[in-house]
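Chain residues, written in single-letter form:
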Amino acid sequence: MKFKAAAAWPRALCAEPSGWPANRARGISAKSSTSYNRPSKNQESPRHTDVYQKLQKRFDQHLRSVLAAKYDLQLDSIPLEIPPDLKFGELATPIAFELARKLRKAPKIIAQEIVAALAGLEGFAGFEVAGAGYINARLNRAAGVRATAAMEAGIHAATGIHALVEHTSINPNKAAHIGHLRNAILGDTFVRLLRAAGQKVDVQNYIDNTGVQVADVVVGFLHLEGKSLADARLLLSELKTKGQRIDYYCWDLYARTSQWYTSGSAEENEARKKLRYVTLHELERGGSETAEIAELISTAVLRRHLETMLRLDIEYDFLPRESEILHLKFWEAAFEKLKQKGVLYYENEGKNKGCWVMTRPGAEIAEGDLNEDAKVIVRSNGTVTYVGKDIAYHLWKFGLLGKDFGYKPFFSYPGHECWISTEKGEEPHPQFGGAQAIYNVIDARQSDPQANVIQALRGMGYTDQADRYTHFSYEMVALTPRCAVELGYDISEEDLKRPYIEVSGRKGFGVKADDLIDKLIAATRAEVDARQTGGAEAEAARPRIAEQIAIGALRYFMLKFTRNSVIAFDFKDALSFEGETGPYIQYAVVRARNIFRKAATTPKAVLAEFSELAGFDTYLEGDAAEDIWALWLRAARRTLVLEQCIATSEPAHLAKHAFQLAQEFNNFYHKHHILTEENPARKTFLLATAAVALRELVLALSWLGIESPEAM
RNA sequence: GCGCCCGUAGCUCAGCUGGAUAGAGCGACUGGCUACGAACCAGUAGGUCGGGAGUUCGACUCUCUCCGGGCGCACCA
């Protein structure tokens with residue numbers, strides 16, 4: 001079997017390459033005082049800042065005042081860094097190197113002068129010069145620990161920012177696969193991060209229910225299987241009684257139909273393709289039996305997608321559908337505006353003659369010259385392209401269209417309702433759209449169309465909105481050749497030599513999301529049973545625990561890679577529970593909880609007691625205490641990491657942070673036996689250390705969408 | 001042809017606005033459980049950061065160039 005790059009997938013389908021889209025840089029360009037605190041232009045930093053950030057800011061301001069007083073310098077940015085080793089302190093700046101030329105002095109001399117002037121600063125133990133001119137700051141450890149212990153576990157104050165995240169957006173014509181999982185997990189995690197930072201976030205899952213992909217599966221029902229609308233209804237109820245999945249059924253049918261288009265004689269193939277477009281147009285128009293079959297099937301598949309994602313704790317607020325974008329004439333409204341603002345122009349000559357086109361971003365065309373490279377938005381037959389519809393949709397997202405969807409409830413979650421678009425909606429309904437910042441979790445292969453949409457907004461004069469439009473792009477999930485062979489696919493010699501093989505819904509080539517989840521749960525269940533997790537009496541809790549661990553493993557696996565690295569999927573890696581994995585972190589949580597259980601106390605009680613404790617300074621000094629201090633220090637960097645993740649749209653940083661925290665805790669756990677500690681003050685201190693590690697681990701995991709089991 | 005991404009230890013990947021001796025996991029080899037549960041910990045081996053040039057006090061990080069791999073560049077979505 002050969003796999004060629006699939007052409008034409010709607011956004012949902014493609015899982016893929018990165019590409020920092022042109023707009024990215026703009027979103028995070030705002031300069032602020034320090035390098036660690038760079039909220040993007042459209043983000044306010046959380047009002048609740050962690051201990052490390054507070055000290056960092058204090059150090060930064062102190063440095064500024066010293067530089068102003070001593071050298072009459074006003075710098076707009078002072079570089080601050082986390083030293084590579086605790087022996088260099090906890091905060092550092094190489095500012096002296098930068099000033100060397102300006103002040104015509106050696107960096108070391110400058111550093112010495114600055115350090116002499118720094119004197120005392122609350123929260124700091126001292127400053128010193130190191131190396132060729134670094135200025136290192138040492139924290140007052142006891143004060144840092146006390147402040148960190150007192151950090152609240154809670155949610156940050158509201159910032160007033162209303163953001164909209166679009167993710168998942170799978171074509172409703174087949175089962176979700178691992179590529180879709182990466183999309184949904186990245187998107188859902190980012191939503192959690194924005195919410196943790198105090199933003200109001202709406203989660204949208206765009207449903208292309210009238211596209212070619214749905215048309216293809218409808219062609220399969222009608223022409224390969226000879227099914228009518230009644231037959232389709234019957235099939236759905238049959239599958240339901242047999243406990244089978246319609247999305248799985250469509251997975252195979254879609255692959256068969258795709259093959260069918262090219263498996264006949266030349267005339268046959270042409271006739272079949274024609275059938276495809278006739279069907280597509282029927283779906284777009286609506287009101288026919290064909291359209292009704294499409295509606296029936298795509299809605300059933302959509303429900304399956306929501307169920308699959310719910311297994312991963314992923315929920316949505318609103319499902320805008322393409323059918324409403326068409327029928328409610330969103331495009332017509334957008335078209336008028338685009339013409340008015342001169343973003344679109346009618347092409348009178350060249351290959352795009354008769355089309356309405358727009359200039360691509362970055363194109364430099366002299367006035368009056370023919371631009372054959374322009375992007376076609378309205379075809380010469382009068383129909384609108386994908387990018388055109390997307391422009392209309394994005395005008396709506398920012399509240400700039402002057403039109404709205406109808407809404408009706410579609411899917412109920414324990415805490416809230418997910419709404420879907422409809423022509424004539426119900427009242428009352430929640431307000432969607434009109435966001436201040438939007439994030440589109442869409443694979444990197446769609447950088448170009450995304451850039452076109454942004455370009456259109458900018459061209460219309462909506463530059464603020466264009467600046468707050470983030471294409472949250474990520475690379476595809478592919479299969480390793482070994483994995484493909486394992487799954488029983490027939491792989492060509494050529495493909496066997498490749499590092500990875502692209503998943504293809506059209507070919508039916510890939511790993512289905514539910515299959516992977518089932519497999520993971522079975523594997524964790526076996527572990528949990530083998531370990532007698534929770535003891536003999538806890539047997540009833542094991543299925544739930546196995547599920548928590550399985551989901552933790554899966555979510556962490558999808559989040560540990562940075563977005564623009566291709567994930568070459570392999571069961572061996574995905575089913576691993578050791579090392580840098582979700583279960584490793586969960587295990588650290590369970591260990592911490594067990595300490596409190598055995599000690600018959602709670603983290604809250606311990607922290608209350610610790611707040612009264614004096615004289616624990618000595619436990620933070622000496623070589624043996626370095627690892628304990630390192631643990632506290634990392635725990636103190638909660639919002640620093642959160643802000644970094646938001647500013648760079650990169651949840652992987654938090655995944656790494658959680659892992660390192662767990663690693664340091666495990667190390668601490670091994671070296672310092674708490675329950676047998678005889679010195680009561682020291683015991684309280686060690687318990688407080690465990691309490692803070694536990695608090696931060698549970699919080700970080702929750703931001704990653706991973707639960708913390710009671711036992712494992 | 002144009003554009004984007006990737007190339008860091010045997011494998012899979014981190015490495016923040018350029019900064020102090022390049023890190024982790026897995027795998028390999030050693031050692032540690034009558035236990036705050038070993039889904040763990042400690043140690044050893046392993047890298048000319050694809051090659052070359054440049055900018056800089058300083059380059060894995062920025063620029064140029066070459067090599068290798070992937071992906072875009074439709075009147076498809």
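Computed from a predicted model, the values in this text were never measured in an experiment.

Caption draft 1: Spatial organisation of the nonpolar core. In this structure, Ile114, Leu181, Tyr316, Phe569, Trp632 and Phe685 are the most contacted members of the largest nonpolar core, which totals 146 residues. Counting residues in each nonpolar core, the second largest holds 40 residues, with Leu328, Trp331, Ala333 and Ile391 among its members.

Caption draft 2: Just the sheet that holds strand E8 (residues 356-358), in detail. Across the sheet, which stays open at both edges, the 3 strands sit in the order E7-E8-E9 with antiparallel pairing between neighbours. The open sheet is flanked by strand E7 (345-346) and strand E9 (375-378), the only strands paired with a single partner. Relative to E9, E8 runs antiparallel, the two sharing 3 bridges. When the sheet's bridge partners are listed, Trp356 is paired in E9 with Val378.

Caption draft 3: A look at the sheet that holds strand E2 (residues 124-130). Spatial ordering of the open sheet is given by E1-E3-E2, a layout of 3 strands whose pairing is antiparallel. If you trace the sheet from one side to the other, it starts and ends with strand E1 (91-93) and E2, each paired once. The average undirected angle you get between the axes of adjacent strands in this sheet is 20 degrees. Relative to strand E3 (residues 134-139), E2 is paired through 6 bridges, and the arrangement is antiparallel. Bridging across to E3, Gly126 finds its partner in Arg138. Running over the sheet, helix H2 (residues 51-71) touches E1, E2 and E3 and is turned about 35 degrees from E1.

Caption draft 4: View of the pattern of salt bridges. One pass over the structure, following the stated rule, counts 45 salt bridges. Note that Arg311 is salt-bridged to Asp514, the shortest N-O span being 2.8 Å. With Arg311 in the loop between helix H11 (289-310) and strand E6 (318-319) and Asp514 in helix H19 (residues 513-530), the pair connects residues that are 203 residues apart, well separated along the chain. Judged by relative accessible area, Asp514 falls into the buried class, the value being 1%. Measuring nitrogen to oxygen at the nearest pair gives 3.3 Å for the salt bridge that ties Lys656 to Glu580. Of the two residues, Lys656 is situated in helix H26 (residues 652-671) and Glu580 in the loop between helix H21 (571-574) and helix H22 (582-599); the sequence distance between them amounts to 76 residues.

Caption draft 5: Expanded view of the packing of helix H14 (residues 386-397) against helix H15 (residues 447-459). Put simply, H14 and H15 touch, their axes get as near as 9 Å, and they point 50 degrees apart. Considering their axes alone, H14 and H15 lie oblique with respect to each other. The interaxial crossing formed by H14 with H15 has right-handed handedness. Here Tyr386, Val387, Asp390, Ile391, His394 and Leu395 of H14 lie close against H15, whose contacting residues are Pro449, Gln450, Asn452, Val453, Ala456 and Leu457. A per-class count over the contact of H14 with H15 returns 8 nonpolar, 3 polar and 1 charged.

Calculation notes
Here the residue numbers are simple positions, counted from 1 along each chain's written sequence. Lettering of chains starts at A and numbering of ligands starts at 1, both following the order in which they are written. The predicted origin of the model limits local features to residues at a pLDDT of at least 70 and limits the giving and counting of side-chain atom pairs to 80 or more, whereas totals for whole chains, interfaces and linings rest on all residues. Heavy atoms throughout the structure, all of them, feed into the side-chain values; hydrogens and water do not. The set of buried Ala, Val, Leu, Ile, Met, Phe, Trp, Tyr and Cys residues whose side-chain atoms join them within 4.5 Å is what this entry labels a nonpolar core. Three labels apply to residues, based on accessible area from a 1.4 Å probe with only protein chains included: buried if under 20% of the type maximum, exposed if over 50%, partly exposed otherwise in between. By the convention used here, strands pair only if DSSP detects at least 2 bridges between them. A run of DSSP states H or I qualifies as a helix once it reaches four residues; a run of E qualifies as a strand once it reaches two. Both are numbered from the N-terminal end. To get an axis, fit a line to the C-alpha atoms, keeping to the stretch in contact for a helix; angles then go from 0 to 180 degrees between the N-to-C directions. Throughout, a contact is declared for two residues whenever any of their heavy atoms are within 4.5 Å. For this analysis, a salt bridge means a side-chain nitrogen from Lys or Arg found within 4 Å of a carboxyl oxygen belonging to Asp or Glu. Should an angle fall under 35 degrees it is called roughly parallel, over 145 degrees roughly antiparallel, and 65 to 115 degrees roughly perpendicular, with every other angle called oblique. Should the near helix be turned counterclockwise from the far one by less than a right angle, the crossing is left-handed, whereas a clockwise turn marks it as right-handed. Classes in brief: Ala, Val, Leu, Ile, Met, Phe, Trp, Tyr, Cys and Pro nonpolar; Asp, Glu, Lys and Arg charged; the others, Gly included, polar.

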